[in-house]
Amino acid sequence: MRVKEAFARRLSRIPDYLFRELDDLKASVRSGLIDLSEGSPDLTPPKPILAAFAKALKDPANHRYPSYAGKLSARAAVADWYRRRFRVKLDPETEVTMLLGSKEGVAHLIWGVCDKDDIVAVCDPGYPVYANQTRLAGASLCPVPLEQQHGFLPSLSWLESIAPRLKLLCLNFPNNPTAAVADIDFYSAVVKLALRHGFYVVNDNVYSELTFDTKVPSILQVPDAGQCCLEFHSLSKTFSLAGWRIGMAVGCRSLIAALLKIKQNTDSGPFGAIQDAAAWALKHGSKLAEKNRRTYQRRRDLFCQALARNGWTVPVPAATFYVWAKLPDSSAQQELDDALFVQKMLKYCRVMAAPGSGFGQCGRGYVRFALVANGRLLQEAAARIGRWLSRR
């Protein structure tokens, strides 16, 4: 009997997932690896949040199926946090839903909103899930170039040129991987475009609490943004809870409804005890989040200064826990291959970073370091890289 191909044909539309490929590379290093490739927080979750989770585990109701949209108490905590943090008013019943992390929300939103003939614009470089889920859904992908000359923000004139054809524009500021930030004037211009041309906008704002120079806004602060805009958020980075898979989507009611229709046929929502602990964190955890933010700020300063001392000057990011670095000596043609550079850095330095081209064509010639190691290891990584660069 001839066995049929196991993979659906649509899987041929997407490349291997970047971080799975990096895992394969890391497996070749037996010891001494300093892994700065993936944005997985290494900080211990705050003890008060763990205590809130332990208490919630004792509630028998939390061991039944959760509701699809999430507990109303958790959604109310999200709405209250948005009111205090961004001065945005949300209806917890219709404008907030809990997620199994923002990554799940991105995938389900795109499947719920986009059809075969729709055009989805995504940032390039950008978090690979946006482009890959667009391809899987059968929609047409339109990469939005993020260039250093524009501060890694989309050109508004370029967005104007494609606006009449769009169904969905996916933004992510503060940005992964570039660490760029957007201000309220940029968001206002985007919302104005969306309302004029009738497309929807998603902003992935999961790094809003990891900013070092000034607090960043929400796109929902723009008047009438709730008619066309949805925002993702998460507790993963803010409170070092990445493994808990707890996030939220807020904003436009019709986008929330589309996302939920997919979720209702796919999963049963986050574990109730995790939702209770997340609600506690949003209500009481501002000092805990600030402690994490200061830790990443110290790491940023240590790592950027150490790289500079060792011959590789990089921009100091204003937000996120990423350092987006243009390859040294990139005028040489061979050094434009960031994937090869990352492989050599792993071989000769035992330091792992993510190649910029893994985030899109406009990431070619860059690498991304995640500040997910302590200060001593970050300084050691910079020293190893410096010694290697000096011998090349």
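Residues numbered from 1 in each chain as written. Predicted model: local features only at pLDDT ≥ 70, side-chain atom pairs only at ≥ 80, totals over all residues. Heavy atoms only, no water.

### Concerning the overall build of the protein
Here comes step 1: Scanning the protein from N- to C-terminus turns up 12 helices and 12 strands.
Here comes step 2: By the compact-globule yardstick of 21 Å for 392 residues, the protein fits well, its C-alpha radius of gyration being 21 Å.
Here comes step 3: Expressed along its principal axes, the backbone C-alpha trace of the protein runs to roughly 60 × 60 × 50 Å.
Here comes step 4: Intrachain contacts of the protein at a sequence separation of at least 6 include 74% that bridge at least 24 residues.
Here comes step 5: On the protein, roughly 17,900 Å² of surface is accessible, and the fraction owed to carbon and sulfur atoms is 50%. (Helix = DSSP H or I, 4+ residues; strand = E, 2+ residues; numbered from the N terminus. Rg over C-alpha atoms; globule rule 2.2 N^0.38 Å. Contact = heavy atoms within 4.5 Å. Areas by Shrake-Rupley, 256 points an atom, 1.4 Å probe, with all protein chains shown as cover.)

### Re the layout of surface pockets
Here comes step 1: Within this model, the largest pocket holds a volume of roughly 590 Å³.
Here comes step 2: Taken together, 33 residues make up the lining of the largest pocket; nearest its centre are Pro128, Ser357, Gly358, Phe359 and Gly360.
Here comes step 3: Sorting the residues of the lining of the largest pocket by element identifies α1 (18-26), β3 (119-124), α5 (128-136), β4 (140-145), β5 (168-171) and α11 (338-349) as the ones contributing at least two each.
Here comes step 4: With five residues, α5 is the largest single contributor of residues to the lining of the largest pocket.
Here comes step 5: Residue composition of the lining of the largest pocket, grouped by class: 19 nonpolar, 10 polar and four charged.
Here comes step 6: If you trace the second largest pocket, you find 22 residues lining it, with Gly39, Lys103, Tyr127, Lys237 and Arg245 closest to the centre.
Here comes step 7: Considering only residue class, the lining of the second largest pocket consists of eight nonpolar, eight polar and six charged. (1 Å grid on protein atoms, 1.4 Å probe; cavity = no way out; pocket = protein on both sides within 12 Å on 5 of 7 lines; lining within 4 Å. Points joined across faces, edges and corners; volume = space filled by probe spheres on them. Nonpolar A, V, L, I, M, F, W, Y, C, P; charged D, E, K, R; others polar.)

### So, the side chain of Ser240
Here comes step 1: Position of Ser240 relative to the elements: it lies in the loop between β7 (229-234) and β8 (247-251).
Here comes step 2: Among the residues examined, Ser240 registers a relative accessible area of 7% and is labelled buried.
Here comes step 3: With near-sequence residues (within four places) excluded, Ser240 lies in contact with Pro41, Leu43, Thr44, Pro45, Leu235, Asn292 and Tyr296. (Buried < 20%, exposed > 50% of the residue type's maximum accessible area, 1.4 Å probe, protein only.)

### Concerning the pattern of salt bridges
Here comes step 1: All told, the structure shown has 16 salt bridges when counted by the stated rule.
Here comes step 2: Residue Lys263 pairs with Asp267 through a salt bridge whose shortest N-O separation is 3.0 Å.
Here comes step 3: Put simply, Asp80, Arg83 and Arg84 are held in one network by salt bridges that share partners. (Salt bridge = Lys/Arg side-chain N within 4 Å of Asp/Glu carboxyl O.)

### With respect to the packing of helix α10 (residues 286-309) against helix α12 (residues 375-391)
Packed helix pairs are specified by the crossing angle of their axes together with the interaxial distance, meaning the distance between the axes.
Here comes step 1: Direction vectors running N to C along α10 and α12 enclose 20°, while the axes themselves pass 8 Å from each other. Between α10 and α12, the angle is such that the two are roughly parallel. The two elements α10 and α12 cross, and the hand of that crossing is right-handed. Residues Arg299, Leu302, Phe303, Ala306, Leu307 and Arg309 of α10 pack against Gly375, Leu378, Gln379, Ala381, Ala382 and Ile385 of α12.
Here comes step 2: Split by residue class, the contact of α10 with α12 holds eight nonpolar, two polar and two charged. (Axes fitted to C-alpha atoms, helices over the stretch in contact; angles between N-to-C directions. Parallel < 35°, antiparallel > 145°, perpendicular 65-115°, else oblique. Left-handed = near helix turned anticlockwise from the far one by under 90°.)

### Here we look at the packing of helix α4 (residues 102-113) against α5
Here comes step 1: Closest axis-to-axis distance for the α4/α5 pair is 9 Å, and the angle between their directions is 35°. Remark: the crossing between α4 and α5 carries right-handed chirality. Facing Lys103, Val106, Ala107, Ile110 and Trp111 of α4, the residues of α5 in contact are Val129, Tyr130, Gln133, Thr134 and Leu136.
Here comes step 2: For the contact of α4 with α5, the class distribution of residues is seven nonpolar, two polar and one charged.

### A closer look at helix α9 (residues 272-284)
Here comes step 1: With 13 residues, α9 should cover 18 Å at 1.5 Å per step; its first-to-last C-alpha distance of 18 Å lies within 8% of that length.
Here comes step 2: When we look at burial in α9, the residues that qualify are Gly272, Ala273, Ile274, Gln275, Ala277, Ala278, Ala279, Ala281 and Leu282.
Here comes step 3: Buried residues in α9 make contact with α2 (47-57), α3 (72-86), β2 (96-99) and β8. (Expected span 1.5 Å × (residues − 1).)

### Observations concerning the sheet that holds strand β9 (residues 322-326)
Here comes step 1: Strand order in the open sheet made by the three strands is β9-β12-β11, with antiparallel pairing throughout. Since the sheet does not close on itself, it has two edges, and those belong to β9 and β11 (354-355), each with one partner.
Here comes step 2: Across five bridges, the pairing between β9 and strand β12 (residues 366-370) is antiparallel. What sits directly across from Val323, in β12, is Phe369.
Here comes step 3: Lying over the sheet, α11 contacts β11 and β12, oriented at roughly 45° with respect to β12. (Pairing = 2+ DSSP bridges.)

### Here we look at the nonpolar core
Here comes step 1: Of all hydrophobic cores here, the largest spans 104 residues; its most connected members are Leu169, Phe173, Phe303, Trp312 and Phe369.
Here comes step 2: Setting aside residues up to four positions removed in sequence, Phe303 forms contacts with Leu36, Val323, Phe369, Leu371, Leu378, Ala381 and Ala382.
Here comes step 3: If you look at the next biggest cluster of nonpolar residues, it comprises 27 residues, including Ala137, Leu168, Phe232 and Ala258. (Core = buried A, V, L, I, M, F, W, Y, C linked by side-chain atoms within 4.5 Å.)

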